[in-house]
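Fold and contact review
What follows is the residue order along each chain.
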Amino acid sequence: GTFLVIDPATVGVSEKTANSNKIILFPNPSEDMVTISMENFRQDIFVRVRNTSGKIIYESILKDNFIMDVSAWMKGLYLAEIIDGQGHQAITFMVN
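Here's what I pulled together on the structure shown here.

Cut-offs and rules
- Residues numbered from 1 in each chain as written.
- Predicted model: local features only at pLDDT ≥ 70, side-chain atom pairs only at ≥ 80, totals over all residues.
- Heavy atoms only, no water.
- Helix = DSSP H or I, 4+ residues; strand = E, 2+ residues; numbered from the N terminus.
- Buried < 20%, exposed > 50% of the residue type's maximum accessible area, 1.4 Å probe, protein only.
- Contact = heavy atoms within 4.5 Å.
- Areas by Shrake-Rupley, 256 points an atom, 1.4 Å probe, with all protein chains shown as cover.
- Pairing = 2+ DSSP bridges.
- Phe/Tyr/Trp six-rings, centres within 6.5 Å; stacked < 30°, edge-to-face > 60°.
- Axes fitted to C-alpha atoms, helices over the stretch in contact; angles between N-to-C directions.

1. Here we look at the overall build of the protein chain
A count of helices and strands for the protein chain gives zero helices and eight strands. Reading the protein chain from its N end, one meets helices and strands in the order β-β-β-β-β-β-β-β. Counting only residues that meet the buried cut, the protein chain has 40% of its 96 residues in that class. Expressed as a percentage of contacts within the protein chain between residues at least 6 apart in sequence, the contacts between residues at least 24 apart total 48%. About 5400 Å² of surface is accessible on the protein chain, with carbon and sulfur atoms providing 50% of the total.

2. Re the pairing of strand β6 (residues 66-69)
Burial along β6 is one-sided: the residues F66 and M68 are buried and none of I67 and D69 is. Note that strand β3 (residues 33-39) and β6 share four bridges and pair antiparallel. Across the sheet, residue I36 finds its bridge partner in β6, namely F66.

3. Focus on the packing of aromatic side chains
The geometry of an aromatic ring pair comes down to the distance between the two centres and the angle between the two planes. Applying the stated criterion to the full structure yields five aromatic pairs. Between W73 and F93 the ring centres are 6.4 Å apart and the planes differ by 40°, which places this aromatic pair in the tilted class. Of this pair, W73 sits in the loop between β6 and β7 (76-84) while F93 is found in strand β8 (residues 87-95), placing the two residues 20 residues apart along the sequence. Both residues of the pair, W73 and F93, belong to the buried class.

4. Here's the deal with the sheet that holds β7
The sheet built from four strands is open, its strands ordered β5-β4-β7-β8 with antiparallel pairing. The open sheet has two free edges, formed respectively by β5 (56-62) and β8, since each of these has just one partner strand. The sheet shows a mean angle of 20° between the axes of neighbouring strands, taken without regard to direction. Where strand β4 (residues 45-50) and β7 come together, five bridges link them in antiparallel fashion. Bridge pairing links R48 to E81 in β7.

This is the structure we're talking about:
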């Protein structure tokens, strides 16, 4: 498995590729909706989002593309942990 934290200074689209699986999180930063797009996944994916204190603020099973409403979240940096049968990946994103 792979664990990667992308530099939070990155703006636009955060992308992570492991094996043949590809995860794209956009827009980054976001004010209202965040889309997590998954390519080449043949199974359900579990996502867990943590704030900078490490507190879990969101968990869900994902299928295909997924839209997360972050409009009520506090401004700041978040970590989306993507877990599947291949391993564990992480993408940081900002809520403005």
